[in-house]
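Residue-level listing of the chains:
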Amino acid sequence: MATNPPTGRPPRSRAQTPSPGEVLARLTAGGSRAARVTHTEHLPPREGSHAVWPHRIRTEVITTIREAGIEHPWTHQAQAAEHALDGESVVIATGTASGKSLAYLAPVLTALLDGSEAPNGRGATALYLAPTKALAADQRRAVKSLAAPLGNAVRPAVYDGDTPVEEREWVRQYANLVLTNPDMLHRGILPSHPRWSSFLKALRYVVIDECHTYRGVFGSHVAQVIRRLRRLCARYGSEPVFLLASATAAEPAVAAGRLTGLPVAEVADDASPRGELVFALWEPPLTELHGEKNAPVRRTATAETADLLTDLVLHKIRTVAFVRSRRGAELISLIAKDRLAAVDRSLPHRVAAYRGGYLPEERRALEAALHSGELLGLAATTALELGIDVSGLDAVLIAGYPGTRASLWQQAGRAGRSGEGALAVLVARDDPLDTYLAHHPEALFSQPVESTVLDPDNPYVLAPHLCAAAAEQPLTEADFALFGPACEPLLPSLEAANLLRRRNRSWYWTRRDRATDLADIRGGGGRPVQIVEESTGRLLGTVDAEAAHTAVHQGAVHLHQGRTYLVRHLDLEDSAALVEEADPPYSTTARDTTALSVLSTDETVPWGTARLQYGSVEVTHQVVSYLRRKLITGEVLGETKLDLPPRTLRTRAVWWTLTEDDLDTARLTPEILPGALHAAEHAAIGLLPLFATCDRWDIGGVSIPLHPDTLLPTVFVYDGHPGGAGFAERGFHTARAWLTATREAIASCECDAGCPSCIQSPKCGNGNEPLHKRGALRLLTTLLNAAPADPSES
């Protein structure tokens, strides 16, 4: 990270580190590996452009920065600092390792230094928000090291769920740079604002790091938390400037404005230097195995990534493998350790897994080992994606497309952070989107990153935050402009539910329980489920309530720190899953069934005689069984029934209907129609992440030959969050491009009747039955032939 002081590790010479091309050549040497690389993109090195610091940055701060080895700022750093000093909220949206931290730290440190000289009172304060605890802790280390020459003028402290109780009072009274996360701001700081009054009164800057991660329902919640913060600052007489840092994103100022509710200036021209990046797309080979409906099965991205990580560690290439799931991170680490042990018994301890759900002391130990260079290989979830300084990495493996181009570049940018060359490898999973990308590199390398999608006006999000705000201080009509146009219409329903009580022209929270408990800002839908070792009572970790039915159902395989556990009992009432250590030769995948009803239709666009529509729906899910799959190969061993209660979700959806004329044109007989609809639904879900900042697990779908509400053959794709997250709406507005990509993904797949690379889904509740690949192609072709260029044109 260009903004951090030296780490203390000796620099490596170029002779010690092979070039990215040489590393890739080693990985593809021998056998059939070379054929697995479907595309190699070479991003040339880039020279940097320097500027000078604005004259209002304190001389002591500039001297401190120079002592850290940074003589001059990059142009974008100076521009962002200028906006901050002018009192303008600003978002700096430049590439990974471009020095975003220094762009906001220079004005923040200047303000704190000015404040330390104030004759009375506390002086200026600043608040830093990170999406993860690890990033906040990492930033504190960086700030403490950078600001050490400034003495007691800068007093950074982390305030989160891991902060010991005895330290919290010191932080409240004496820290002038508090590093925390939105969760702690929501549950800990804002409800206790009288105890934070002196800090809030002096609040000059609020830094929101990695702000592109605040998308969907989580982003919508954070937007309302920020509005509550602004409201309380105004009460205490402050009006902080917001400084936002983001990976490269489309329309960053628009997204930052939606997040903060304020006008935000934009700095997006990256002036930092960059080493060469070699980016390879890697498709695992087909195996001799066959899956559901006898479809060919590719080698899993998990197994392939574990092999690549093993080889890179053997060559002493420092590598992080990013994995989409907690279980996947554990599994890759476990496989790599086993294979390394067979070659060199000194190497297995230099590989580890890193994921959310670990206990605080486990996370800190892994971060320290990564910083020291003790670890050569790390299999990590996105918990490590966000800004943590991992200088010195040579390679990044990405096991499966991470859902957005923004995340892809964020992960790839973890390597080569010292300015040297780096290798990034995207290992495709056996699903429609990854297969499409492996053979359409232009969709990654020739397209801008996505717009950040969030909706602060979602009533399911706004309502609990209005209650929390009323508990902090009574709501009045003056607050309507702050909380947006959906605020006033919601208040009568909150009164009717006895959540708020109106007195004169104000609304009060009058209940004894905590209003903040109404909103789970991570969208978990309840308190986390604790994972407990049955024989010892030891707490292993937690899982979100929303994911408990699929992740820790009875019989599920759970991985933790390289050890495998079987879930013996899931107690939903007490939010606990009891597990015991075991060594099953399989993994587990939950299956569910889904029913959907239309509540209202907001928009309709004719596509010939077909219709594209968008509106509100109610979805009922029930996890009914789980599959046991062989490790490595993914071969299905069997299915076990489960008895779990259904869960109901009111959300937003995009759907399309077909008429008899459309069916005739597409030659879809009653025998073919169910499979054609089902296959088109699966593929459309798989491709939507290319057009909206979502993951396929953020969305769901239903298809039915005669839906009771539309009375027509219908395919639905819906947001998997209460009230919607903006993903289905994005699909509605990009429907032509989205469904064109969907059709192309199906058509270009080499299978005959459908496989996981095109129309089969890993989460299908019907066992991928029925599916009809050719029928789906004809259906989508018929739709697209009648589609307008853009729904907004009709």
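Residues numbered from 1 in each chain as written. Predicted model: local features only at pLDDT ≥ 70, side-chain atom pairs only at ≥ 80, totals over all residues. Heavy atoms only, no water.

Q: Tell me what's going on with the nonpolar core, and back it up with residues and numbers.
A: Ranked by size, the top nonpolar core spans 86 residues in total, and within it F279, W607, W656, W738 and L779 carry the most contacts. Counting residues per element, this core draws most heavily on helix 22 (residues 673-687), at 9 residues. Apart from the residues lying within four places of it in its own chain, the contact partners of F279 are H39, T40, E41, I398, L408, W409, A412, A424, L426 and F445. With 45 residues, the next largest nonpolar core counts I65, V143, L150 and V154 among its residues. (Core = buried A, V, L, I, M, F, W, Y, C linked by side-chain atoms within 4.5 Å. Buried < 20%, exposed > 50% of the residue type's maximum accessible area, 1.4 Å probe, protein only. Helix = DSSP H or I, 4+ residues; strand = E, 2+ residues; numbered from the N terminus. Contact = heavy atoms within 4.5 Å.)

Q: Explain helix 5 (residues 133-146) to me, using residue names and the numbers behind them.
A: When the terminal C-alpha atoms of helix 5 are compared, their 20 Å separation across 14 residues agrees well with the 20 Å that a helix rising 1.5 Å per residue should span. Listed in full, the buried residues belonging to helix 5 are A134, L135, A136, A137, D138, Q139, A142, V143 and L146. You can read the cap of helix 5 off the contacts: a side-chain oxygen lies 3.2 Å from the backbone nitrogen of L135, and it is on T132. (Expected span 1.5 Å × (residues − 1). Polar contact = N/O pair within 3.5 Å; in protein donor to acceptor, adjacent residues only side chain to side chain.)

Q: Kindly report on the packing of helix 17 (residues 459-472) against helix 19 (residues 487-496), identifying the contributing residues and their values.
A: The interhelical angle for the contact between helix 17 and helix 19, taken along N-to-C directions, is 70°, at an axis separation of 10 Å. Here helix 17 lies roughly perpendicular to helix 19, going by the angle between them. Contact residues: P459, L462, A463, L466 and C467 in helix 17; C487, L490, L491 and L494 in helix 19. Tallied by class, residues from the contact of helix 17 with helix 19 come to 9 nonpolar, no polar and no charged. (Axes fitted to C-alpha atoms, helices over the stretch in contact; angles between N-to-C directions. Parallel < 35°, antiparallel > 145°, perpendicular 65-115°, else oblique. Nonpolar A, V, L, I, M, F, W, Y, C, P; charged D, E, K, R; others polar.)

Q: So what's going on with the packing of aromatic side chains? Which residues, and what values?
A: The description of an aromatic ring pair uses the distance of the two centres, along with the angle that the planes make with each other. Going through the model one piece at a time under the given rule, you end up with 12 aromatic pairs. On the numbers, 6.0 Å between centres and 45° between planes, the contact of W170 with Y174 is tilted. Here W170 and its partner Y174 are both found in helix 6 (residues 165-174), 4 residues apart, which amounts to about one turn of the helix. You can call W170 partly exposed: its relative accessible area is 41%. A relative accessible area of 43% means that Y174 is categorised as partly exposed. On the basis of an interplanar angle of 85° and a centroid distance of 5.6 Å, the ring pair of W196 and F199 is categorised as edge-to-face. (Phe/Tyr/Trp six-rings, centres within 6.5 Å; stacked < 30°, edge-to-face > 60°.)

Any functional reading would require information beyond the geometric quantities listed.
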